[in-house]
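# Coordinate analysis (summary)
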Amino acid sequence: MDEAEFLKRLDRIRDIPTLPSIVLELNRLLQDPETPVARVSQIIERDQATALKILKLVNSAFYGVRSKVADIRSAVIMLGFNAVRNAIVSVSVIETLSRRIRLEGFDATDFWKHSLAVAVTSKALSARTRINSPDNCFVGGLLHDVGKVILAQYFPEVFAAVWQALREEGRPFHEAERGKSPAGHAAIGAHLAARWQLPQGLVEAIRFHHDYRPDLANAEFCLVIHVANLLVNSYDRNPDCVIDLAALHPDARKFIMGTLQRAGDFYAALAEEIESAYSFFLPSSTSG
Ligand SMILES: [Fe+2]
Ligand SMILES: [Fe+2]
């Protein structure tokens, strides 16, 4: 079976997660700047659970808006369409995919912790470099590994084979999956994001988070997610590690050397924000 066949098989799975229809609708409306604010807030308010979650998110310490946002209309006006869209996508993706999966090598909490760490790091890299928007980068980081959930949940036998290769050969996941899975987690995640009608840049960033290429249509955005994943993977394992810059794509090397004189310090400074992302998005996994 090749990648295309595998992805077709994925399309035939009936209970493949889909985002709630309100999220799809908002996602479409919020990409059009001509959509009236009133229309957007009406749709959000129709769904009380979503409305509450958005208000909770924008008022959380994690979001860092100074004055209190009391209603959806103000949230939409204050934050803008893009931030609202990303907030909705973040909240609903975690909810949609958070079913407990019991599988050796896959721990849903660890998975989301990694994803959130990459999300916060991507957001910080965007704020520092002014590449793309911090909100887009947060979602890119949050979703970059989403294909792993799909592998674990719908193709557990494939996931188990990858996990075994990873353990026996001590290679990272994206290398271990070569030859074990007809499609890598990056291709699977991108396929899903496209099905969810998420923006093309996001689909590309997911698809190429391990294989950055400067000729991508959204190369800068992809580079942010690529570098964020690299920083998290390196410094989460060992805060004192030295990243082997020579092994990186020249653009990633330039990015790290040019914008982050001390990448380890940059990442360490994000610890508090990463913790607050955990307690907002994964309340049951953190104590207190
Ligand atoms: Fe990955
Ligand atoms: Fe990752």
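The notes below deal with the structure included here.

Rules and cut-offs
- Residues numbered from 1 in each chain as written.
- Chains lettered and ligands numbered in written order.
- Predicted model: local features only at pLDDT ≥ 70, side-chain atom pairs only at ≥ 80, totals over all residues.
- Heavy atoms only, no water.
- Donors = N, O, S within 2.8 Å, 3.2 Å for Na, K, Ca; no water.
- Helix = DSSP H or I, 4+ residues; strand = E, 2+ residues; numbered from the N terminus.
- Tetrahedral: all angles 85-135°; square planar, octahedral: opposite > 155°, others 65-115°.
- Phe/Tyr/Trp six-rings, centres within 6.5 Å; stacked < 30°, edge-to-face > 60°.
- Buried < 20%, exposed > 50% of the residue type's maximum accessible area, 1.4 Å probe, protein only.
- Polar contact = N/O pair within 3.5 Å; in protein donor to acceptor, adjacent residues only side chain to side chain.
- Contact = heavy atoms within 4.5 Å.
- Expected span 1.5 Å × (residues − 1).
- Salt bridge = Lys/Arg side-chain N within 4 Å of Asp/Glu carboxyl O.

A few words now on the coordination of the iron ion (ligand 1). Only Asp 145 (OD), His 185 (NE2), His 209 (NE2) and His 210 (NE2) from the protein coordinate the iron ion (ligand 1), and they sit 2.1 to 2.2 Å from it. Within one chain, the residues serving as donors to the iron ion (ligand 1) are arranged as D-x39-H-x23-H-H. Separation of the iron ion (ligand 1) from the iron ion (ligand 2) amounts to 3.7 Å, with Asp 145 serving as a shared donor to the pair. Remark: His 210 occurs in the loop between α12 (200-207) and α13 (219-237) and His 185 occurs in helix α11 (residues 185-195); sequence separation between them is 25 residues.

Protein ligation of the iron ion (ligand 2) involves His 114 (NE2), His 144 (NE2), Asp 145 (OD) and Asn 229 (OD1), the donor distances falling in the range 2.2 to 2.3 Å. Around the iron ion (ligand 2), the 4 donor atoms are arranged such that angles at the metal cover 85 to 171 degrees; this shape is classified as irregular. Each donor residue of the iron ion (ligand 2) lies on the same chain, and together they follow the pattern H-x29-H-D-x83-N.

The next subject is the packing of aromatic side chains. Going through the model one piece at a time under the given rule, you end up with 8 aromatic pairs. With a centroid separation of 5.6 Å and an interplanar angle of 45 degrees, the aromatic rings of Phe 159 and Phe 173 are classed as tilted. In this pair, Phe 159 is assigned in helix α9 (residues 156-169) and Phe 173 in helix α10 (residues 173-176), connecting sequence segments 14 residues apart. As far as burial versus exposure is concerned, Phe 159 and Phe 173 are alike and both buried. Where Phe 280 meets Phe 281, the ring centres are 5.0 Å apart and the plane angle is 85 degrees; that geometry is what we call edge-to-face.

With respect to the helices and strands, the residue Asn 229 is situated in helix α13. Residue class for Asn 229 comes out buried when judged on its relative accessible area of 4%. At 3.1 Å, the side chain of Asn 229 and the side chain of His 114 are in polar contact. Apart from residues no more than four positions distant in its own chain, Asn 229 is found in contact with His 114, Val 118, His 144, Asp 145, His 209 and His 210.

For α13, spanning 19 residues, the distance from its first C-alpha to its last is 27 Å, which sits close to the expected 27 Å at 1.5 Å a residue. Among the 19 residues that make up α13, 15 are buried, leaving the element largely enclosed by the rest of the structure.

For the rest of this paragraph, the subject is the side chain of His 210. Side chain to side chain, His 210 and His 174 meet in a polar contact 3.3 Å long. A distance of 3.2 Å separates polar atoms of two side chains, one belonging to His 210 and the other to His 185.

Attention now moves to the pattern of salt bridges. Where side chains of opposite charge bring their charged atoms close, a pairing between them can arise. What the rule picks out here adds up to 9 salt bridges. With a shortest N-O distance of 2.7 Å, Asp 11 and Arg 195 are connected by a salt bridge. Of this pair, Asp 11 sits in helix α1 (residues 3-12) while Arg 195 sits in helix α11, and the two are 184 residues apart along the sequence. The class of Asp 11 is partly exposed, set by a relative accessible area of 34%. For Arg 213, the salt bridge goes to Asp 215, with nearest N and O atoms at 3.0 Å. Classification of Arg 213 as partly exposed rests on a relative accessible area of 38%.

Functional significance is not addressed by these values, which are geometric in nature.
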